[in-house]
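# A closer look at the structure
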Amino acid sequence: MGLQKRNLGLAGDIIQRTQPRLVDQRSEERLSDVVERAIVTFRGQEYLVPVVNISSRGTMIECDILPRIGEAIVIQFEHCTRIHGFVRWVRDGRLGLNFGHEIILG
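Residues numbered from 1 in each chain as written. Predicted model: local features only at pLDDT ≥ 70, side-chain atom pairs only at ≥ 80, totals over all residues. Heavy atoms only, no water.

From N to C terminus, the chain includes 0 helices and 6 strands. Of the regular secondary structure in the chain, the N- to C-terminal order runs β-β-β-β-β-β. Considering only residue pairs separated by 6 or more positions, the chain has 45% of its internal contacts joining residues 24 or more positions apart. Summed over all atoms, the accessible surface of the chain reaches about 7,900 Å², with 48% contributed by carbon and sulfur. (Helix = DSSP H or I, 4+ residues; strand = E, 2+ residues; numbered from the N terminus. Contact = heavy atoms within 4.5 Å. Areas by Shrake-Rupley, 256 points an atom, 1.4 Å probe, with all protein chains shown as cover.)

Further remarks concern the layout of surface pockets. Of the pockets and cavities examined, the second largest pocket occupies roughly 310 Å³. Forming the boundary of the second largest pocket are 16 residues, of which V35, I54, F77, E78 and C80 lie nearest the centre. The class makeup of the residues in the lining of the second largest pocket is 9 nonpolar, 3 polar and 4 charged. (1 Å grid on protein atoms, 1.4 Å probe; cavity = no way out; pocket = protein on both sides within 12 Å on 5 of 7 lines; lining within 4 Å. Points joined across faces, edges and corners; volume = space filled by probe spheres on them. Nonpolar A, V, L, I, M, F, W, Y, C, P; charged D, E, K, R; others polar.)

It is worth spelling out the side chain of N53 at this point. Looking at the secondary structure, you find N53 in strand β2 (residues 45-54). Of the residues examined, N53 reaches a relative accessible area of 12% and is grouped as buried. If near-sequence neighbours (up to four positions away) are discounted, N53 is found in contact with R30, L31, S32, T59 and M60. (Buried < 20%, exposed > 50% of the residue type's maximum accessible area, 1.4 Å probe, protein only.)

As structure tokens, this is what we get:
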């Protein structure tokens, strides 16, 4: 039976780890006091969302939207141009985005 017939998807579904992470896989530190909020454009609608943390390659935001893993979302931080982010995970009202290109934090 296909995913559509069973009404299942990856958005918000928790995939349990079989083993805990042994090392931090992040390539750089996440900064939590650099950006307070951003405007996210998701499926034609704009949302003002709190930014939990940010790095040059991605961000974690708080939001009630339920995108699919890998779905593109446009995000704009205050005084910056819009950039594309790709959904890497969705959990408990938060989602992780990987930017389409590296940004400079200053």
